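Coordinate inspection notes
Listed below are the residues making up each chain.
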Amino acid sequence: MSLDDIKETFFAECADQMAELETGLHEIQSSGPDIDTVNAVFRAVHSIKGGAGAFGFSALVSFAHVFENALDVIRNDLNQVNEDRMDLLLRSVDVLSDVIEAERTGSEPDDTSGLANELETAFGLSEAAEEADDEDDALADFAPVMIDLGDLGDLGVPDTPAGRRFHISFAPHASLYLKGHDPLRFFRELADMGTLFVTCDSADLPKLSELSPDESYLKWQLDLETESAREDIEAVFDWVDGECALSIEETGAPAADDGASLDAFLQSLDETESGGGIPDIDDFGQDPETVPADAGNPVADLIGSLEAADIAAPAAQAEPDAEAGNSDEGSEDAGARAGKKEVKKASQTIRVESEKVDRLINLMGELVINQAMLAERIGQAGFGNASPAALALVELQNLTREIQSGVMAIRAQPVKPVFMRMSRIIREVCSATGKKAMLELEGEHTEVDTTVIEGLIDPLTHMIRNAVDHGIEDPETRQSKGKPTHGTVKLSAYHSSGRIVIEIKDDGAGINRERVLNKAIEKGIVARDAKLSDDDIDNLIFAAGFSTAETITDVSGRGVGMDVVRQSIQALGGRVNISSEPGHGSLFSMSLPLTLAVLDGMIVKEAGQTLVLPVSAVLETATLKPGDVYTIGKNNRVVKMRNQLIPIIDVGRQLGFADKRTDFTKGTIMVVEGGKNGMGAFLVDSIEGQQQVVIKSLESNYKRVPSIAAATILGNGQIALILDCDHIVSHQTSDPSDAVIQSMAG
Amino acid sequence: MQDDLEMQTVGGEEFIAFRVGDQEFCVEITRTREIRGWSQATKLPHSPDYIIGVINLRGTILPIMDLSARLGMGLSEPCERHVIIVVHVRDKTLGLLVDSVSDILDVGPDHLRPVPEVNPSMSSEMFNRVIVMDKRIICEISLEAITPEMELQAA
């Protein structure tokens with residue numbers, strides 16, 4: 001693993017930590033401080049700092065340090081939380097993420113000292129340090145506890161004498177811990193090279209009353225039997241060059257009686273007056289990373305048995321890296337985590353390149369197609385439904401479906417990270433406009449395919465900006481209307497009939513319909529004498545080239561309007577709707593497919609072609625009797641269903657596959673929801689059935705085709721086209737009163 | 001790969017030649033991926049007449065272009081004896097419907113000529129070069145030139 005790889009891991013983890021940090025602070029803000037959350041937040045910043053130290057990102061370290069100290073104040077006393085301080089902390093999150101980004105791209109981070117000073121002032125940080133000292137004194141009352149170390153005596157016996165012996169003396173300076181290193185990592189790495197004997201020299205350890213938590217007292221004598229070369233050993237300590245006194249000598253002589261030296265080590269610990277002196281015992285108790293998983297090497301075994309002894313606080317001191325606790329730095333250092341990563345995460349999560357998952361999804365698609373082919377062949381071969389072949393096929397179908405949902409679940413992610421990102425957007429817009437707004441989340445754990453999530457970021461960002469910039473009034477106006485000065489933007493997600501629905505609700509002024517209509521007339525989007533319902537007017541904001549902002553702000557006026565939002569959501573196979581109540585706010589509601597890989601399709605025949613409609617779009621199907629069809633104007637036919645007049649869309653003609661139909665009673669009507677364009681009654685020859693189909697892009701080898709969303713491969717190997725219902729409904733040419741909608745759809 | 005081929009053919013280039021109507025055309029052999037028989041294509045709506053439709057090429061959607069129609073030589077009526085030459089154009093894969101594959105040519109630089117100025121109706125910009133061998137005249141199709149609409153989408 002090269003240094004660059006490790007850095008990459010570090011930044012990937014930073015992203016996770018940032019998400020945790022932001023989530024935590026958000027939780028504190030909305031439901032008050034709670035010690036677990038505060039600890040989680042603290043740990044996140046601490047980990048970032050530790051890792052940053054290991055890579056020498058000094059700007060990051062120094063800011064994270066102040067941030068951490070500020071959080072420590074809250075950690076020590078939850079009552080220290082107030083609105084201004086929370087605000088400051090949230091801003092710090094933004095700055096921290098900027099600094100991380102700067103370090104990642106290798107650019108010069110912005111000066112953070114301003115905010116750092118603010119933090120220091122607001123949290124009275126010099127004061128806090130004293131409090132921490134008091135705490136140390138309180139801990140000094142702990143009594144030491146004897147630990148049963150079991151059969152430690154066996155540990156030192158070497159199994160097989162290896163080629164070379166080295167004697168290493170290792171005395172870390174305090175700065176090593178400050179940079180977030182952990183001696184334990186070096187020992188583990190050495191232990192991987194051969195047989196390692198560790199002796200801890202605690203002679204310099206002062207009495208607890210004289211112990212300074214920031215000093216380094218412990219030294220280690222290491223004997224290593226290994227086949228590795230001296231350079232390999234030196235490489236282990238590469239990271240801490242200059243941070244420790246290190247000497248490596250090749251002895252060639254057998255190691256000393258290690259059982260004895262371990263005893264001596266333990267004894268020396270025992271003799272230490274008191275077991276306290278670790279300012280942050282919590283870190284040990286809670287940190288799973290200090291639990292070694294590689295039993296079998298002496299160091300790990302020692303710690304393992306210590307952990308197994310269900311360490312009371314003082315026992316932690318016996319751990320070789322107890323020292324790390326003294327400086328309150330080492331226990332979670334990222335340098336060590338890079339090495340320990342596999343050990344820790346194996347049981348919980350794994351990081352997989354998304355390409356690998358994509359491949360799996362593609363293969364899964366092929367499997368679905370193949371299974372459909374097999375089903376067709378079995379049908380053709382004339383096997384009965386109860387024949388063993390047919391039954392085996394049913395089994396296969398069930399398995400395929402399960403594999404499919406399993407594979408899809410791998411790629412499914414909660415929408416939370418995207419939602420959390422929005423809180424930053426809101427803060428930015430607020431500070432740019434002087435408005436006050438809070439983000440409220442609901443259903444942020446709702447899961448959806450990552451490809452959908454990625455496509456969601458831009459439109460969501462834009463809509464959130466709009467909600468604050470155009471929706472929420474400034475504090476004075478709000479006050480005069482009797483609303484709380486803080487506006488609320490509520491972002492919620494939930495699953496509904498196989499789709500994910502995302503809603504953005506603000507409690508702002510709502511849409512000013514008069515202004516919207518005037519603007520639309522002025523821009524020539526609607527005719528001057530057009531009669532539009534409130535809903536129609538609201539939806540005008542999605543029309544191309546429409547922007548109501550009187551002054552184009554640099555917040556939401558970026559040259560793109562809501563039409564771009566609508567387009568990008570449509571590109572994801574989604575729909576967006578708006579409803580607004582003047583004076584009370586607006587609600588944007590987006591409905592998106594859960595995945596972009598498969599679709600429940602309704603297979604239909606029309607004009608000799610097999611076509612697929614998304615089942616989610618089909619509201620009902622029916623056959624028509626002569627009396628059901630009404631003619632409006634010369635050529636426009638509508639059908640009365642669901643108490644509405646729904647235009648009949650002759651699909652074959654619309655797609656140019658067939659001439660105009662004359663007899664509307666032959667064939668089947670499918671009432672299809674076409675997003676905000678209302679409904680359409682699609683007329684097709686027949687319905688073949690319902691089937692899960694794999695979405696294949698037409699664009700990858702050809703180009704986007706109007707009215708067609710994508711293609712799929714059917715069981716017989718033929719390609720069928722998946723219809724873009726929204727497009728077909730909005731581009732039909734039957735009813736002149738639709739002219740408005742059509743021009744809106746562009 | 002390409003270099004190897006050129007080495008073997010002593011400075012010459014290899015082309016795959018095929019018939020469309022009563023004429024012969026060719027493309028560089030390195031641009032072709034495979035040759036396959038005709039199979040029924042699925043029609044695409046709102047597409048130019050020279051795009052016959054799409055077929056399933058082992059799980060990918062392959063658009064098929066009627067080369068005869070594209071070159072202004074009239075629509076083909078695809079049937080079993082037609083052949084599809086699968087070629088790479090830009091980052092995409094395209095099937096060219098031709099009457100038959102006629103030859104694999106190893107052409108030295110002497111036989112490669114620039115496209116002469118001919119009647120503009122024959123759209124000489126669709127060709128890169130002309131191979132003149134014995135009594136045969138074979139135009140090399142410019143795959144980029146015959147697929148301008150795909151370029152727009154690729155951007």
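Quick note: structure is the one above.
Here goes a summary of the coordinates provided. (Residues numbered from 1 in each chain as written. Chains lettered and ligands numbered in written order. Predicted model: local features only at pLDDT ≥ 70, side-chain atom pairs only at ≥ 80, totals over all residues. Heavy atoms only, no water.)

1. As for the overall build of chain A
Rules: Working definition: helices are DSSP H or I runs of at least four residues, strands are E runs of at least two. Numbering for both runs from the N terminus. Accessibility here uses a 1.4 Å probe with only protein chains present; expressed as a share of the type maximum, an area under 20% marks a residue as buried, one over 50% as exposed, and anything in between as partly exposed. All accessibility values rest on the Shrake-Rupley procedure with a 1.4 Å probe; residue burial counts only the protein chains present in the view.
Within chain A one finds 25 helices and 22 strands. Across the 746 residues in chain A, those meeting the buried criterion constitute 51%. By element, 49% of the accessible surface of chain A is carried by carbon and sulfur atoms, the whole surface being about 34,000 Å².

2. Here's the deal with the sheet that holds strand β12 (residues 598-606) of chain A
The strands making up a sheet associate through hydrogen bonds between their backbones, and the pairing can be parallel or antiparallel. All names here are of chain A. In plain terms, the rule: We call two strands paired when DSSP finds no fewer than two bridges between them. Axes, fitted as lines to C-alpha atoms, cover a helix only where it is in contact. Angles between the N-to-C directions of the axes lie from 0 to 180 degrees. Throughout, a contact is declared for two residues whenever any of their heavy atoms are within 4.5 Å.
Strand order in the open sheet formed by five strands is β20-β12-β13-β22-β21, with mixed pairing between adjacent strands. Of all the strands in the sheet, the pair left with one neighbour each is β20 (686-694) and β21 (708-713). Within this sheet the neighbouring strands show an average axis-to-axis angle of 35°, counted without direction. Summarising the sheet, β12 and β20 pair through eight bridges and their orientation is antiparallel. Bridge pairing links Lys-605 to Ser-686 in β20. Each of β12, β20 and β21 touches helix α15 (residues 354-380); the most contacted strand, β20, lies at about 145° to it.

3. Looking at the nonpolar core
Note the cut-off: Note on terminology: a nonpolar core comprises buried Ala, Val, Leu, Ile, Met, Phe, Trp, Tyr and Cys residues joined through side-chain atoms within 4.5 Å. Each domain span listed reflects an automatic or database assignment of domains.
By size, the foremost hydrophobic cluster in this structure holds 64 residues, and its most contacted members are Leu613(A), Met670(A), Phe682(A), Leu723(A), Phe18(B), Leu67(B) and Ile141(B). Of the residues forming this core, the biggest block, five residues, is contributed by α15(A). When residues of this core are assigned to domains, at least three map to each of domain 3 (358-412) and domain 5 (598-743) of chain A. Not counting chain neighbours up to four residues away, the residues in contact with Met670(A) comprise Met602(A), Val604(A), Leu613(A), Val618(A), Glu620(A), Thr621(A), Gly680(A), Ala681(A), Phe682(A), Val684(A) and Ile687(A). By size, the runner-up hydrophobic cluster in this structure holds 50 residues, among which are Ile425(A), Val452(A), Ile457(A) and Ile541(A).

4. Observations regarding the pairing of strand β5 (residues 60-66) of chain B
All names here are of chain B. For β5, the tally of buried residues reaches six of seven residues, placing the bulk of the element in the interior. Two strands pair when backbone bridges link them, and strand β4 (residues 51-57) and β5 are joined in this way by six bridges, in the antiparallel orientation. The residue bridging Asn-56 from the neighbouring strand is Ile-61, located in β5. Where β4 folds back onto β5 in an antiparallel hairpin, the turn is made up of two residues, including Arg-58, whose phi is positive at roughly 45°. Where β5 meets strand β7 (residues 92-98), three bridges bridge the pair, whose relative direction is parallel.

5. Examining a nonpolar patch on the surface
Applicable threshold: What goes into a patch is any residue over 30% in relative accessible area without a salt bridge, connected to like charges within 9 Å or, for nonpolar side chains (Val, Leu, Ile, Met, Phe, Trp, Tyr), within 5 Å. Salt bridge, as used here, is a side-chain nitrogen of Lys or Arg placed within 4 Å of a carboxyl oxygen of Asp or Glu.
Where nonpolar side chains cluster on the molecular surface, the patch consists of Tyr630(A), Ile632(A) and Leu645(A) and spans about 270 Å² of accessible area. Inspection of the secondary structure puts Leu645(A) in strand β17 (residues 644-650).

6. Observations concerning the sheet that holds strand β4 (residues 244-250) of chain A
All names here are of chain A. With respect to topology, four strands assemble into an open sheet ordered β2-β3-β1-β4, the strand pairing being antiparallel. At either margin of the open sheet sits one strand with a lone partner, and together these are β2 (194-201) and β4. With strand direction ignored, the average angle separating the axes of adjacent strands in the sheet is 15°. In terms of strand pairing, β2 meets strand β3 (residues 219-226) through eight bridges, oriented antiparallel. Note on β3: the bridge partner recorded for Phe-197 is Asp-223.

7. What to know about the pattern of salt bridges
Counted according to the given criterion, the structure contains 26 salt bridges over all chains. The partner of Glu473(A) in a salt bridge is Arg478(A), and the shortest N-O contact between them spans 2.9 Å. Accessibility classification places Glu473(A) together with Arg478(A) in one group, the buried group. When the shortest N-O distance is used, the salt bridge between Asp103(B) and Arg136(B) registers 3.1 Å. Residue Asp103(B) is located in strand β8 (residues 100-107), and its partner Arg136(B) is located in strand β11 (residues 136-141); the two are separated by 33 residues in the primary sequence. By relative accessible area, which is 26% here, Asp103(B) ends up partly exposed.

8. Considering the interface of chain B and chain A
Counted only if it meets this: Simply put, the buried area is the total loss of 1.4 Å probe accessible area from both parts when two parts are fitted together. Polar contact criterion, stated in full: a pair of N or O atoms within 3.5 Å, where within protein one must be able to donate a hydrogen and the other to accept it, and residues adjacent in sequence count only if both atoms are side-chain atoms. Under the convention adopted here, Pro, Cys and the residues Ala, Val, Leu, Ile, Met, Phe, Trp and Tyr are nonpolar, Asp, Glu, Lys and Arg are charged, and Gly plus all remaining residues are polar.
On the side of chain A, 24 residues touch chain B, which itself brings 21 residues to the contact. Between chain B and chain A, roughly 2,100 Å² of surface is buried when both sides are summed, and carbon and sulfur atoms account for 59% of that area. Per-residue buried area on chain B facing chain A is highest for Pro45(B), His46(B) and Ile61(B); these three make up 30% of the total on that side. At the surface where chain B touches chain A, the tally comes to five residue pairs in polar contact (both at pLDDT 80 or more). Elements with a minimum of two residues in the side of chain B that touches chain A: β4, β5, β7 and α3 (148-154) of chain B. Ranked by the residues each element gives to the side of chain B that touches chain A, the list is headed by β4(B), at four residues. Across the side of chain B that touches chain A, the residue classes tally to nine nonpolar, nine polar and three charged.

9. Some points on the packing of helix α3 (residues 58-76) of chain A against helix α4 (residues 83-105) of chain A
Residues and elements named next belong to chain A. Keep this limit in mind: Comment on the angle field: the value is read as roughly parallel under 35 degrees, roughly antiparallel over 145, roughly perpendicular from 65 to 115, and oblique elsewhere. Put simply, a crossing is left-handed when the front helix is turned counterclockwise from the back one by less than a right angle, and right-handed when it is turned clockwise.
It is at 10 Å that the axes of α3 and α4 come closest, and there the two elements cross at 160°. With respect to their mutual orientation, α3 and α4 come out roughly antiparallel. The two elements α3 and α4 meet at a crossing, and its hand is left-handed. Here Ser-58, Ala-59, Leu-60, Phe-63, Ala-64, Phe-67, Ala-70, Leu-71, Val-73 and Ile-74 of α3 lie close against α4, whose contacting residues are Arg-85, Leu-89, Ser-92, Val-93, Val-95, Leu-96, Val-99, Ile-100 and Glu-103.

10. Regarding helix α1 (residues 3-31) of chain A
Inclusion rule: Here a helix's expected span is defined as the number of its residues, less one, multiplied by 1.5 Å.
Over its 29 residues, α1(A) runs 41 Å from end to end, which matches the ideal 42 Å to within 8%, given 1.5 Å per residue. Taken from the residues just after α1(A), Gly32(A) is the one with a positive phi, measuring 80°.

11. Re the packing of aromatic side chains
Residue and element names in this part refer to chain A. We apply this condition: Here a pair means two rings of Phe, Tyr or Trp (six-membered ring of Trp) with centres within 6.5 Å. Their orientation is stacked below 30 degrees between planes, edge-to-face above 60, and tilted elsewhere.
A full pass over the atoms with the stated rule returns eleven aromatic pairs over all chains. The interplanar angle of 55° and the centroid separation of 5.1 Å between the aromatic rings of Phe-10 and Phe-11 together place this pair among those described as tilted. For Phe-10, a relative accessible area of 4% translates into the label buried. Overall, Phe-11 belongs to the buried group, its relative accessible area being 12%. With centroids separated by 6.2 Å and ring planes inclined at 55°, the aromatic side chains of Phe-63 and Phe-67 adopt a geometry described as tilted.

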